[in-house]
Amino acid sequence: MTDIPSIDAAPYDEVLAAIRFNDDGLVPAIAQADGTGEILMMAWMNRDSVIETLTTGRVCYWSRSRGGLWRKGETSGQMQRLKDFRVDCDGDTLLLVVEQDGVACHTGRRSCFYRAWRDGRLETIQEVQTDPAILYGGHGHGHSHG
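Being a predicted model, the structure only gives us computed values, none of them experimental. Here, residues in each chain are numbered from 1, in the same order as that chain's written sequence. Under the rules for a predicted model, residues below a pLDDT of 70 receive no local features and side-chain atom pairs below 80 are neither given nor counted, while totals for whole chains, interfaces and linings still include all residues. Hydrogens are left out, water is left out, and the side-chain values use all remaining heavy atoms of the structure.

**With respect to the packing of aromatic side chains**
Let me state the cut-off plainly: Centres within 6.5 Å are what make two rings of Phe, Tyr or Trp a pair, Trp counting through its six-membered ring; a difference in plane orientation under 30 degrees is then read as stacked, over 60 as edge-to-face, and the rest as tilted. We call a residue buried when its accessible area falls under 20% of the maximum for its residue type, exposed when it is over 50%, and partly exposed in between, using a 1.4 Å probe and counting protein chains only. Only when the NZ atom of a Lys or the CZ atom of an Arg is both within 6 Å of the ring centre and within 35 degrees of the ring normal do we say a charge sits over the ring.
Summed over the entire model, instances satisfying the criterion amount to one aromatic pair. Relative to tryptophan 70, the ring of tyrosine 61 lies with its centre 5.1 Å away and its plane at 40 degrees, an arrangement referred to as tilted. In this pair, the class of tyrosine 61 matches that of tryptophan 70, namely buried. Of note, arginine 109 hangs over the ring of tyrosine 114, and the distance from its end group to the ring centre comes to 3.9 Å.

This is the structure:
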């Protein structure tokens, strides 16, 4: 089933054939900031989210928790615009080079990778830039990358 019935998938046959979706029809996608190379987040994509992303240039993921397409920024306004779409050598991971509006993480940080193992402990290395209550209107985001 698709949320995007009007999009013709034929132009994307080659890229879709190169992607090895798992048994659930999903593939991990890493979002990397254009220009800086900073890793922003990891989320899942399915066939429909790949097609929508390539068609519109606005990054769309598959939300396992919501069971539907998740257009990054639809709630928070923190949209991602696709700059480059890459498939790894095995076809089992995608790299999306993106222009990120604001923060990528639902915690209000630039990156979801804001904790690092340092000196024998997990340390927060990136502070909150935007209060999540502002991003999600105080209702909680109801989202995970899974």
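**Comments concerning the environment of cysteine 89**
Applied cut-off: By definition, any uninterrupted DSSP run of H or I lasting at least four residues is a helix, any uninterrupted run of E lasting at least two residues is a strand, and each is numbered from the N terminus.
Tracing the backbone shows cysteine 89 in the loop between β5 (80-87) and β6 (94-100). Its relative accessible area of 78% is what places cysteine 89 among the exposed residues. In this structure, the C-alpha to C-alpha distance between cysteine 89 and isoleucine 19, residues 70 residues apart in sequence, is 9.8 Å.

**Section: the environment of glutamate 74**
Keep this limit in mind: Should any heavy atoms of two residues lie within 4.5 Å, those residues are considered in contact. Any pair of N or O atoms that falls within 3.5 Å is considered a polar contact. Within protein, one atom must be able to donate a hydrogen and the other to accept it, and sequence-neighbouring residues count only if both atoms are side-chain atoms.
Here glutamate 74 is to be found in the loop between β4 (68-71) and β5. In this structure, the C-alpha to C-alpha distance between glutamate 74 and cysteine 60, residues 14 residues apart in sequence, is 9.7 Å. Contacts of glutamate 74, omitting those with residues within four sequence positions, involve Arg58, Arg66 and Leu69. Side-chain polar atoms of glutamate 74 contact the side chain of arginine 66, separated by 3.4 Å.

**Observations concerning the pattern of salt bridges**
We apply this condition: One speaks of a salt bridge when a side-chain nitrogen belonging to Lys or Arg is within 4 Å of a carboxyl oxygen belonging to Asp or Glu.
According to the stated counting rule, one finds eight salt bridges in the structure shown. Close ionic contact of glutamate 74 with arginine 66 constitutes a salt bridge, the shortest N to O distance being 3.4 Å. Judged by its relative accessible area of 41%, glutamate 74 falls in the partly exposed class. Assessed through its relative accessible area of 39%, arginine 66 is described here as partly exposed. Arginine 81 serves as the salt-bridge partner of aspartate 101, at 2.5 Å between the closest nitrogen and oxygen.

**Thoughts on the pairing of β5**
Keep this limit in mind: Any two strands with at least two DSSP bridges between them are considered paired.
With seven bridges connecting them, β5 and β6 associate as antiparallel partners. Within β6, the position partnered with arginine 81 by the bridge is glutamate 99. Where β5 hands over to β6, the hairpin turn is made up of six residues, of which glycine 91 adopts a positive phi near 75 degrees.

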